[in-house]
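# Understanding the architecture of this molecule
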Amino acid sequence: MFVYEKKLLYPVKVSSCNPKLAKYLIEQYGGADGELAAALRYMNQRYTIPDKVIGLLTDIAMEEFSHLEMIATMVFKLTKDATPDQIRDAGLEPHYVNHGSALYYENAGGIPFNASYIAGKGDPIADLYEDIAAEEKARATYQYIIDLSDDPDLNDGLKFLREREIVHGQRFREAVEMLKENYSERKVF
Amino acid sequence: MSEHRKSWKPYAGKNDPCPPLKEKTYETPPNLYLGVQEPGLEQYKPADALKKGTLWPALFGPYESPFAPSTRANKKED
Ligand SMILES: [Fe+2]
């Protein structure tokens, strides 16, 4: 069961109408290492992972959905009043022709979301190493978007999201240690 | 350069079409070093923690683009 709280995890502010940034950000919406992939990956793996770490995967999956909501808000704000000229300048015409101003689960290259982005091997160590890699890849993607973005307010939100990937990477690394039975205490994050 | 950023000097050929970047960088966030987090570590105040994205200074790994003008200027000094 989900309990929905009608506010964002972290405030999303955008300084200027810039649909080009939306084109980059959509990578974190429907890309291989994006927030949707992250949420679905952990929420799916949680069923077959040893019970010591089920809670961790569920908690992080829930948080990823709240990140997805932040990305959606960013993309929406960056594009909502864009004119066809601005859409053209941003190179978003293919998206516009297909989806109008709707958001869509696709990557920055326009490729639709695909379940093969998500691994579920059923081997606890393999799955957790996958998750650690996924967090580092999401961190790298945020860095690349920050490198390309000149919007300080947007970058503030992106830096928050990037830091969360670091924390998640830490917790998955600790989960591996728990399964190695080097450690068995619950952690606060 | 921040402690979370490492660099190396890649080979540059004399006929490379783009002006070579003499030094390239990559990030090494604190989760690579912390190990299993010890209880009782120092914490940020709640408002700061919400802003930074972590409660723990030991896990905070800030990022500025290595291509940002301020960052590049700093780079020349090392
Ligand atoms: Fe994450």
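Residues numbered from 1 in each chain as written. Chains lettered and ligands numbered in written order. Predicted model: local features only at pLDDT ≥ 70, side-chain atom pairs only at ≥ 80, totals over all residues. Heavy atoms only, no water.

## Here's the deal with the overall build of chain B
In terms of helices and strands, chain B carries two helices and two strands. The order of helices and strands in chain B, counted from the N terminus, is β-β-α-α. Within the span of chain B, comprising 78 residues, buried residues form 28% of the whole. Here the contacts in chain B between residues at least 6 apart in sequence split such that 35% fall between residues at least 24 apart. (Helix = DSSP H or I, 4+ residues; strand = E, 2+ residues; numbered from the N terminus. Buried < 20%, exposed > 50% of the residue type's maximum accessible area, 1.4 Å probe, protein only. Contact = heavy atoms within 4.5 Å.)

## What about the UniProt feature "binding site: Mn(2+)" (unreviewed entry) in chain A?
Residue and element names in this part refer to chain A. On the UniProt side, "binding site: Mn(2+)" (unreviewed entry) is annotated at positions that read Glu35, Glu64, His67, Glu135 and His168 here. In summary, the annotated positions, though distributed over 134 residues, converge in three dimensions, the widest C-alpha pair being only 13.0 Å. With respect to the secondary-structure elements, Glu64 resides in helix α3 (residues 54-79). By the secondary structure assignment, His168 is in helix α7 (residues 152-179). His168 has contacts with Ile60, Glu63, Glu64, His67 and Glu135, leaving out every residue within four places of it along the chain. (UniProt positions renumbered as here; feature names shortened; annotations may be inferred.)

## Side note on the packing of α3 of chain A against α7 of chain A
Residues and elements named next belong to chain A. Their axes nearest at 12 Å, the elements α3 and α7 cross at an angle of 165 degrees. It follows from the interaxial angle that α3 and α7 lie roughly antiparallel. Where α3 crosses over α7, the handedness of that crossing is left-handed. For the pair α3 and α7, the contacting residues are Leu56, Leu57, Ile60, Glu63, Glu64, His67, Met70, Ile71, Met74 and Leu78 in the first and Leu154, Gly157, Leu158, Phe160, Leu161, Arg164, Glu165, His168, Arg171, Phe172 and Ala175 in the second. When its residues are assigned to classes, the contact of α3 with α7 shows 13 nonpolar, three polar and five charged. (Axes fitted to C-alpha atoms, helices over the stretch in contact; angles between N-to-C directions. Parallel < 35°, antiparallel > 145°, perpendicular 65-115°, else oblique. Left-handed = near helix turned anticlockwise from the far one by under 90°. Nonpolar A, V, L, I, M, F, W, Y, C, P; charged D, E, K, R; others polar.)

## Quick notes on the packing of helix α2 (residues 35-45) of chain A against helix α6 (residues 124-148) of chain A
Residues and elements named next belong to chain A. At a minimum axis separation of 11 Å, α2 and α6 run at an interaxial angle of 165 degrees. It follows that α2 is roughly antiparallel to α6 by the angle criterion. Crossing angle aside, the handedness with which α2 passes α6 is left-handed. Each of Glu35, Arg41, Tyr42 and Gln45 in α2 lies in contact with α6, whose residues at this interface are Asp127, Glu130, Asp131, Ala134, Glu135 and Tyr142. Looking at side-chain class alone, the contact of α2 with α6 contains three nonpolar, one polar and six charged residues.

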